[in-house]
Amino acid sequence: MAAIPAESVKRLQTTKDELDVSNRALQLQVVEVLRSSCPQLVDNARGVREMRALADGAHARVDATAAALPLLSAELDQLLAAAQEAIGLRERNLGLLRHHSPLIELFEVPSLMDTCIRSGLVDEGLELCGTLRAIRAAHADVPLLGRIEAELDHSAVLLAEMLVGELRHASSLPAALGAVGHLRRMGALSERELRAVFLAGATARLRAESARAARESSEAYMHALRLLQLARERWFDSATQYGAIFGGARTHSPAPDERTAATRSAEAEAALYLRHWIARRALELRATLAELLARVDDIALVGNVLEQACSSAASLARVGCDTRSLFESLFEEATLALFGKAVRLAARHWQRAFATLCASAAEAGAAGEPAGAGQQRVACLLYTSDAADEEDS
């Protein structure tokens, strides 16, 4: 365009003609190209339309996928949680497989405990309890151990009841020591409860033997002697066993030692329990002896019972339980009652004899007999008309 003003008109006309020719040539070339490339252009247009349709479908699918992504994410989270749970179960199963033998032994602990209780194997049962409690303390987060421990606690209660029964019926010191030791290891009863159970068992055994003695003794005198003998033996044995187990009885004055105040207080309390028990048994024996002595008519037999009671009290004095003061008034009352009965019987006998003497003296005076003859008849009457017990009285 900058060269156009410098050109001449002829040159411009020539250039226009050349441009027209070039334009026609270009149009011919375009027509030729269109004619030769028409199928390719049609195919290209068709392909463009197909590509646009595919692109539209892809856009729709992408939009649908984008809309489904939250749901897919939630499902994937659920799948991940299920996979983690499955992994945890697999690890747990592998752990169970690795510890199969110890678990079988743990499952057998309750049945073993029941077997120990039925067989009387107390030490083995206590070892099982201690072992399981140690395992439970080390693995407190395992629920299975909690269930096994609950079953074992139930068996331990049965074991404690069995030991309490053994303590109630323990007649020897080794049996009582074993039962008390096992109960102390279990911690099932306190020291006060152990003392109460031991003394209750001693009371039950003493009452059973007293009832058997009452059935076997037909006379009140023999029954009283048998009761005093049982009191001397059983009270002394019970006090000795009690002192050996709980430290409540002493046969000598202890030397000064370094015992703590708590130990001295416990021993004093144990001694108080023992004295209270013996006092109650002595009161029961006193009431029984009062009934029996009321049926004894011979003062000599009462004296024998008194000697036996003093001997029993002296034997118990060695363990610090002298009960002679409880029986003194009892025998005093029994002796006074027999003496009063004898005095009343003698008074009645004397009244009858005196009346007979007066009547005989009157008859002898009326018949003119000497005074000595009437007295002889009275003496014969005294020996022939009265019973032998009245004569002794």
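The preceding data block contains the structure.
Residues numbered from 1 in each chain as written. Predicted model: local features only at pLDDT ≥ 70, side-chain atom pairs only at ≥ 80, totals over all residues. Heavy atoms only, no water.

Peer 1: Before we go on, may I ask you to explain the overall build of the protein in this structure?
Peer 2: Looking only at helices and strands, one finds 13 helices and zero strands in the protein. Each helix and strand of the protein, placed in order from N terminus to C terminus, yields the pattern α-α-α-α-α-α-α-α-α-α-α-α-α. Among the 393 residues that make up the protein, the fraction classed as buried is 25%. Taking the contacts inside the protein whose residues are at least 6 apart along the sequence as the reference set, 69% of them involve residues at least 24 apart. Total accessible area on the protein stands at roughly 25,700 Å², and carbon and sulfur atoms take up 60% of it. (Helix = DSSP H or I, 4+ residues; strand = E, 2+ residues; numbered from the N terminus. Buried < 20%, exposed > 50% of the residue type's maximum accessible area, 1.4 Å probe, protein only. Contact = heavy atoms within 4.5 Å. Areas by Shrake-Rupley, 256 points an atom, 1.4 Å probe, with all protein chains shown as cover.)

Peer 1: What am I meant to see in the layout of surface pockets here?
Peer 2: By volume, the largest pocket is sized at about 480 Å³. Taken together, 16 residues line the largest pocket, and the ones lying closest to its centre are Leu-96, His-99, Leu-103, Val-142 and Leu-144. Residue assignment for the lining of the largest pocket shows that the elements contributing at least two residues are helix 1 (9-98), helix 2 (100-107) and helix 5 (143-169). Partitioning the lining of the largest pocket into residue classes produces 10 nonpolar, three polar and three charged. (1 Å grid on protein atoms, 1.4 Å probe; cavity = no way out; pocket = protein on both sides within 12 Å on 5 of 7 lines; lining within 4 Å. Points joined across faces, edges and corners; volume = space filled by probe spheres on them. Nonpolar A, V, L, I, M, F, W, Y, C, P; charged D, E, K, R; others polar.)

Peer 1: Even after reading the chapter, I still don't get the nonpolar core, so can you show me in this structure?
Peer 2: It is characteristic of soluble globular proteins that their nonpolar side chains tend to be buried jointly. Ranked by size, the top nonpolar core spans 63 residues in total, and within it Leu-167, Phe-198, Trp-235, Phe-246, Leu-285 and Val-305 carry the most contacts. Sort the elements by how many residues they give to this core and helix 8 (residues 220-246) lands first, with 13 residues. Setting aside residues no more than four positions away along its own chain, Leu-285 makes contact with Leu-227, Leu-228, Ala-231, Trp-235 and Phe-327. (Core = buried A, V, L, I, M, F, W, Y, C linked by side-chain atoms within 4.5 Å.)

Peer 1: Is there a simple way to think about the packing of helix 4 (residues 122-138) against helix 5 in this case?
Peer 2: When two helices pack together, their arrangement is given by the angle between the helix axes and by the axis-to-axis distance. Their axes nearest at 11 Å, the elements helix 4 and helix 5 cross at an angle of 150°. It follows that helix 4 is roughly antiparallel to helix 5 by the angle criterion. Note that helix 4 runs across helix 5; the crossing there is left-handed. The residues of helix 5 that touch helix 4, namely those facing Val-122, Leu-126, Leu-128, Cys-129, Leu-132, Arg-133, Ile-135 and Arg-136, are Leu-145, Gly-146, Ile-148, Glu-149, Leu-152, Asp-153, Ala-156, Leu-159, Met-162 and Leu-163. (Axes fitted to C-alpha atoms, helices over the stretch in contact; angles between N-to-C directions. Parallel < 35°, antiparallel > 145°, perpendicular 65-115°, else oblique. Left-handed = near helix turned anticlockwise from the far one by under 90°.)

Peer 1: What is the right way to read the pattern of salt bridges from this model?
Peer 2: Close approach of charged atoms allows side chains with opposite charge to pair. Under the counting rule described, the total for this entry stands at 11 salt bridges. Linking Arg-195 and Glu-269 is a salt bridge whose minimum nitrogen-to-oxygen distance equals 3.8 Å. Note that Arg-195 is positioned in helix 7 (residues 191-216) and Glu-269 in helix 9 (residues 261-293), a separation of 74 residues in sequence. Taking the relative accessible area as the measure of exposure, Arg-195 reaches 4% and is therefore buried. According to the relative accessible area criterion, Glu-269 is partly exposed, its value standing at 21%. One salt bridge in this structure joins Arg-234 and Glu-209, with 2.8 Å as the shortest N-O distance. Highlighted residues: Arg-234 in helix 8 and Glu-209 in helix 7, separated in sequence by 25 residues. Members of the salt-bridge network, linked through shared partners, are Glu-209, Glu-233, Arg-234 and Asp-237. (Salt bridge = Lys/Arg side-chain N within 4 Å of Asp/Glu carboxyl O.)

Peer 1: In this structure, what is going on with the packing of helix 6 (residues 173-186) against helix 8? I would like to understand it.
Peer 2: The geometry of helix 6 relative to helix 8 is characterised by a closest axis approach of 10 Å and an angle of 35° between their N-to-C directions. Read as a crossing pair, helix 6 and helix 8 show a hand that is right-handed. Here helix 6 contributes Leu-173, Ala-176, Leu-177, Val-180 and Arg-184 to the contact with helix 8, which in turn contributes Gln-241, Ala-244, Ile-245 and Phe-246.

Peer 1: Looking at this model, I keep getting lost on the side chain of Thr-203. Mind explaining?
Peer 2: Within the element layout of this structure, Thr-203 appears in helix 7. Note on Thr-203: relative accessible area 9%, which makes it buried. Here Thr-203 is in contact with Trp-277 and Arg-281, once residues within four sequence places are set aside.

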